Amino acid sequence: MEIKAALTGNPNCGKTTLFNALTGSKQRVGNWPGVTVEKKEGTYKNDPSILIQDLPGIYSLSPYSLEEVVARSYLVQEHPDVILDVVDTSNLERNLYLTTQLLELDIPVVVGLNMMDIVEDKIDLKKLARWLNAPVVEVSALKKQGLESLMKQVKNESAKKEQKPFLFSRSIEDAIGSIQRLLPETKQTRWYALKVLENDSRILEELSLSKTDQQKITKLREAIENEFDDDIESILTAQRYDFIEKLIQDCVKRKRTKHAMSVSDRIDSIVTNRFLAFPIFVLIMYGIYTIAMGSTPFSIGTIGTDWANDVLFGETIPGMMGSVIQYFHINPILASLLKDGIVAGVGAILGFVPQILVLFVFLSILEDCGYMARVAFIMDRLFRKFGLSGKSFIPLLVATGCGVPGIMASRTIEQDRDRKLTIMTTGFIPCGAKMPIIGLFAGAIFGNSSLVATSAFVIGIAAVVVSGIMLKKFKAFAGEPAPFVMEFPAYHFPSLSNVLHSTWERGFSFIKRAGTLILLSSIVLWFLQSFGFVNGAFAFVDDNNNSLLALLGRSLAWIFYPLGWVGDMAWKATVATFTGLIAKEEVVNTFGVLYNFGGELSEEGNEIWTLVAADFSAITAYSFMLFNLLCAPCFAAMGAIKREMNNAKWTWISIGYMCVFAYSISLIVYQLGGLLLHEVPFNFFTVVALVLLVGILYLLFRKGYSEDKSNISVKDFSLNKVRS
C-alpha cells in the first residue's frame, strides 16, 4: 500500500536537502498544474511504497503567496497520509508557527528537527512531542543523520486516523465548535471552521454560506474581537505564539552566553552592511563571471566554450559529418541539411553549455551556502522603487550572460504578478549573444565608440525600469511587491551533492529545451535559405538572394519602413532581424551572407563594416540596433518564457509586449532623432512618434490601478452587505 507523505516547512529550513537525501535519484520535477511553482515528488530510496511530495517552502497556511496557495490546496484537497514537517531548530519559534497550523488539518504530523548540529541549546524531545501531540525526530539533512528513524515514524503515523489539534482559549474553541455545526460535513471541519472565523476570503468563497449563517459567524467573530480588543487574525496569531513561548520555556534549555554574535551574524554585519553590501556583491559576481565567461587564463567556462565551438563543433563533428557524407555519397541537399542545418543549429546553442554550467555551479554554491537570500535583501530597497521585487535582480543579472537561465531564475520570486513582470522584462538586458550586434554597428557606423556600446546596456536597464513603472499601473501587476518575510539561513558549507544536483537539473533543462528549439528553427532557416524560385521553378538555389528567405524579407520589409529601414538594405535588415530570433548571433552572420561575404566572419563581423556602412546611416543603424536588442529574444529564451509562464496567453503577451515596446522606442529614436539631425523630414510617422512618446510619459506618471478596489473579496462583499 502506497503512503503519501507531504514534505513541508519554512523556506531555508533544509527541506530540499532532506528531500534529495531521502529520494536520491528517484524523483520527478515539473510544475504544479496551472501555475509556475515547481513541483517535486519522489519515492523513498529505501522503501518505494513511500511517495514523498515536496511542497513549496511556506511560512503559514494563509494564502498570501502563490506557494502558500499551492501547499494549502494540496494538503486540504489531496489529504496526504502524513505530513513531514521540517523545522529549522536554530529558529524554533518561527518554524513552530507553521507546525501549530499543520496540527489543525486532521492529518498525522511527524516533526523533523533539522540543523540540530549547529544548535547549542538542549531540547527535550520527549517533552516537545507531548506538547505537540506528534512524534519528534532529530535529523541532519546535510549530514544524512536520523533519516531512517524519521521515515520509520512517518510509516507508523500514516496508520493513524487523525491528529490531535492545537487548542485555543475556551471562547475561541466554543466559537469554532459553533461554526463547525453550520458547515457541511467534510474531512477537515475544524480547519474550515477556523478559516471561516479568520474571515478567509478563499474559504468563504468556496463554502458559499447563506446570509443567515454569515450573520451568526459575524456575531461570533465580533464577540471575540470585543473580548480581546483586537482583530481576529491578530488574536489567533498571538495565541499561537503564546503556546510556542510556553513550549520553549518547558522544552528548551538555553545555553548561557554573553550575547556573543554567531558566525553568521558576524558575516552578515559585513556582507549586508548598508555601504559595503553592494560593492561586495559586485565583486563576488564579477569573480563568478570572470571564471564563467571572462577572457583570463582562469576563465574555465570560456575555455570550455572555445573548445566546444572551435574544436568540437568547429572541426571534429563537421569533419566526421563530412567523412560520413563523402563515404555514403549522400545527396548534396541532404548533406547541406546535415551540415548547415542540424550540426550548425545544435552547435550554436550547445557551444555555450560549458559557460552556462560553470555559471550554474557557482550560483548553486551561493544559494546552498545561504548568500543568495542576502542578495535579495540587499537589492529589495532599490528595486521596490520601480515596482519590482529584490528577487528580480538575480534573473536580470544572470541574463547578462544568457537570457534562458535568467528567465529560468525568475521562479525564485514568490508572487505570481512579480514573477510575470520579471519574465517580461528580463529579455531587455543585453546578453552575450547580442554583443556581436553591438560590436558590428559600433565599429561600422560609430568608429568603435565605447559610448554606443555602453548605451546599449544603459538602454536595456532603462527599459526594465520604465516597463516596471508602466506595467505596475495596470490591474494585472498592481500592488506593492511582496515584502520579505524570511529569516536568513545560517551560513554553512554547500553540499556537493546539492550543488551538482541543482547544476545538472538546470543544465539539462537548458540543453533539452533550448537545444530542441534551436535544432528545429535552424532546419527551418536552412530550408528558407536553400530553396527558392528560379525561372519559375522551385529548386535548390546557390544564390540565396533568390531564396524563399529573401522573398519573405522583401514581403515583410514594409513593417519596418517607419523605423528607417528603406532602400536595398530594408529586406536584408528584415531577414537579419528574423534570423536573430533563432539566436541573436545570427544577425551578424546573416549580414555576412546577405552582403555576399564569402569568408569566415570574426566575432565583431568587421569584414563587412564598409558594406554595412554604405547602407546604414547613423540614426538608421541605431534604430536597427535598438530594435534587435529590445525585441523578442531568441527561440530558446521564448521556450524558457513558455515554460516559466506555463500559460500560452501570458507567453504571447510577454513576447508581444517586448516587440511593441522595441518597435515604439526604435520608431521614436529614428523619427524624432532623425528630425533633430535633419536626416528625416517631418512626416506622418513623426506625429506617430510624438504620440507614442506622450503615451509612454503618460503611462509613467499616471495614477496606478487601485489594488484596494480590485481586491474586494467575497468576505468583504457578503459581510458588508449583511451589516448594511
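Residues numbered from 1 in each chain as written. Predicted model: local features only at pLDDT ≥ 70, side-chain atom pairs only at ≥ 80, totals over all residues. Heavy atoms only, no water.

1. A closer look at the overall build of the protein
- Looking only at helices and strands, the protein features 32 helices and 11 strands.
- Split into buried and exposed, the 724 residues of the protein put 52% on the buried side.
- In the protein, of all internal contacts separated by at least 6 residues, the share reaching a separation of at least 24 is 71%.
- Per element, the accessible surface of the protein, about 33900 Å² overall, is 61% carbon and sulfur. (Helix = DSSP H or I, 4+ residues; strand = E, 2+ residues; numbered from the N terminus. Buried < 20%, exposed > 50% of the residue type's maximum accessible area, 1.4 Å probe, protein only. Contact = heavy atoms within 4.5 Å. Areas by Shrake-Rupley, 256 points an atom, 1.4 Å probe, with all protein chains shown as cover.)

2. With respect to the nonpolar core
- One finds Phe441, Phe616 and Phe624 to be the most contacted residues of the largest nonpolar core, which totals 88 residues.
- Considering every element that reaches this core, the biggest residue donor is helix 29 (residues 648-676), with nine residues.
- Those residues in contact with Phe624, other than ones at most four positions away along the chain, are Phe441, Trp565, Ala573, Ala576, Thr577, Val587, Phe591 and Phe616.
- With 56 residues, the next largest nonpolar core counts Tyr74, Val109, Ile172 and Ile217 among its residues. (Core = buried A, V, L, I, M, F, W, Y, C linked by side-chain atoms within 4.5 Å.)

3. Details of the packing of aromatic side chains
- This model, assessed by the stated rule, comprises 22 aromatic pairs.
- Consider the rings of Phe428 and Phe661, whose centres lie 5.1 Å apart with planes at 45°: the pair is tilted. On the criterion of sequence distance, the pair formed by Phe428 in the loop between helix 19 (416-426) and helix 20 (435-444) and Phe661 in helix 29 is long-range, its members being 233 residues apart. With respect to burial, Phe428 and Phe661 carry one shared label: buried.
- Their ring planes at 40° and their centres at 6.5 Å tell us that Phe560 and Tyr663 sit as a pair that is tilted. Taken as a pair, Phe560 in the loop between helix 23 (548-556) and helix 24 (569-579) and Tyr663 in helix 29 lie far apart in primary sequence, 103 residues in all. (Phe/Tyr/Trp six-rings, centres within 6.5 Å; stacked < 30°, edge-to-face > 60°.)

4. Focus on the pairing of strand 11 (residues 537-540)
- Direction of pairing for strand 10 (residues 531-534) relative to strand 11: antiparallel, over a ladder of four bridges. Bridged to Phe531 within strand 11 is Phe540.
- In textbook terms, the turn of a hairpin is the stretch between consecutive antiparallel strands, and for strand 10 and strand 11 this stretch comprises two residues, one of which, Asn535, has a positive phi near 55°. (Pairing = 2+ DSSP bridges.)

5. Looking at the side chain of Asp47
- The topology assignment puts Asp47 in strand 4 (residues 47-54).
- Only 2.6 Å separates the side chain of Asp47 from the side chain of Ser49, close enough to count as a polar contact. (Polar contact = N/O pair within 3.5 Å; in protein donor to acceptor, adjacent residues only side chain to side chain.)

6. Quick look at the state of the cysteines
- In the structure shown here, the tally under the stated rule is zero disulfides.
- Left unpaired, Cys631 is separated from the closest cysteine sulfur, that of Cys659, by 5.6 Å.
- By relative accessible area, which is 2% here, Cys631 ends up buried. (Disulfide = S-S within 2.5 Å.)

7. Digging into unusual backbone geometry
- With phi around 70°, Asn199 is a residue other than glycine that occupies positive phi space.
- Tracing the sequence through the fold places Asn199 in the loop between helix 7 (189-197) and helix 8 (201-207).
- The phi torsion at His678 lies on the positive side, around 60°, for a residue other than glycine.
- Following the sequence through the fold, His678 ends up in the loop between helix 29 and helix 30 (684-701).
- Judged by its relative accessible area of 74%, His678 falls in the exposed class.

8. Structural notes on the pairing of strand 6 (residues 109-114)
- Taken across its six residues, strand 6 has six buried, putting it largely inside the fold.
- The pairing of strand 5 (residues 82-88) with strand 6 spans six bridges and is classified as parallel. The residue bridging Val87 from the neighbouring strand is Leu113, located in strand 6.
- Between the parallel pair strand 5 and strand 6, the chain is carried across by helix 3 (residues 92-102), and the sense of this crossover is right-handed.
- Note that strand 6 and strand 8 (residues 136-138) share three bridges and pair parallel. When the bridges of strand 8 are listed, Gly112 appears paired with Val137. (Right-handed = clockwise from strand over helix to strand, strands pointing away.)

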